[in-house]
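Understanding the architecture of this molecule
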Amino acid sequence: MRLKSGRTARLLMVEDNPADAELMSIALKDLKIRLDLTHAWDGAEALQMLRDPGAKRPDLILLDLNLPVMDGRSTLAALKKDDDLC
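Residues numbered from 1 in each chain as written. Predicted model: local features only at pLDDT ≥ 70, side-chain atom pairs only at ≥ 80, totals over all residues. Heavy atoms only, no water.

Before going further, it helps to spend a moment on the overall build of the protein chain. Counting its regular elements, the protein chain contains 3 helices and 3 strands. In the protein chain, the order of α-helices and β-strands from amino to carboxyl end is β-α-β-α-β-α. Over its C-alpha atoms the protein chain spans a radius of gyration of 13 Å, differing by no more than 12% from the 12 Å that the globule rule assigns to 86 residues. On the principal axes, the C-alpha backbone points of the protein chain span a range of 35 × 30 × 20 Å. For the protein chain, buried positions account for 27% of its 86 residues. The long-range share in the protein chain, meaning contacts at least 24 apart out of those at least 6 apart in sequence, stands at 71%. Placing the 13 positive and 15 negative side-chain charges of the protein chain at their respective mean positions leaves the two points 10 Å apart. (Helix = DSSP H or I, 4+ residues; strand = E, 2+ residues; numbered from the N terminus. Rg over C-alpha atoms; globule rule 2.2 N^0.38 Å. Buried < 20%, exposed > 50% of the residue type's maximum accessible area, 1.4 Å probe, protein only. Contact = heavy atoms within 4.5 Å. Lys, Arg positive; Asp, Glu negative; His and termini not counted. Charge placed at Lys NZ, Arg CZ, Asp CG, Glu CD.)

For the rest of this paragraph, the subject is the sheet that holds strand 1 (residues 9–14). Strand order in this open sheet of 3 strands is 2-1-3, and the pairing throughout is parallel. Only two strands of the sheet have a single partner each, and these edge strands are strand 2 (35–40) and strand 3 (60–63). Across the sheet, the mean angle from the axis of one strand to that of its neighbour is 20°, orientation sign disregarded. (Pairing = 2+ DSSP bridges. Axes fitted to C-alpha atoms, helices over the stretch in contact; angles between N-to-C directions.)

Another point: the pattern of salt bridges. Scanning the entire structure with this criterion turns up 3 salt bridges. Measuring nitrogen to oxygen at the nearest pair gives 3.1 Å for the salt bridge that ties Arg-51 to Asp-82. You can see Arg-51 sitting in helix 2 (residues 43–51) and its partner Asp-82 sitting in the segment after helix 3 (72–81), a full 31 residues away along the chain. Judged by relative accessible area, which is 45%, Arg-51 ranks as partly exposed. Overall, Asp-82 belongs to the buried group, its relative accessible area being 16%. (Salt bridge = Lys/Arg side-chain N within 4 Å of Asp/Glu carboxyl O.)

The first and last C-alpha atoms of helix 1 (residues 18–30) sit 19 Å apart over 13 residues, in line with the 18 Å expected at 1.5 Å per residue. In this structure, the buried residues of helix 1 make contact with strand 1, strand 2 and strand 3. Backbone nitrogen of Ala-19 and a side-chain oxygen of the N-cap are separated by 2.8 Å at the start of helix 1; the cap is Asn-17. Among the residues trailing helix 1, Lys-32 stands out with phi positive, at a value near 60°. (Expected span 1.5 Å × (residues − 1). Polar contact = N/O pair within 3.5 Å; in protein donor to acceptor, adjacent residues only side chain to side chain.)

For the rest of this paragraph, the subject is the side chain of Asp-64. Locating Asp-64 in the fold gives a position in the loop between strand 3 and helix 3. For Asp-64, the contacting residues outside a window of four places in its chain are Val-14, Glu-15, Asp-16 and Gly-72.

Right, dumping it as structure tokens:
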């Protein structure tokens, strides 16, 4: 990920497994980049966060495919269909 010097990267992690989320958080910290990490537990929650007009959009979304409520493939399809989010 290429960022302007000194800029904080915004990342949305969509992961329902707490252990996997913790491992990803540790791995991201090892990158030694300034990071604003937001976490959603399923695709429906992620879409709600992304559609919030007051929220800043992430630079990157890490999306688990096997999620409860709305899986990763359905979430990705919804993102692609939404003109504001695609």
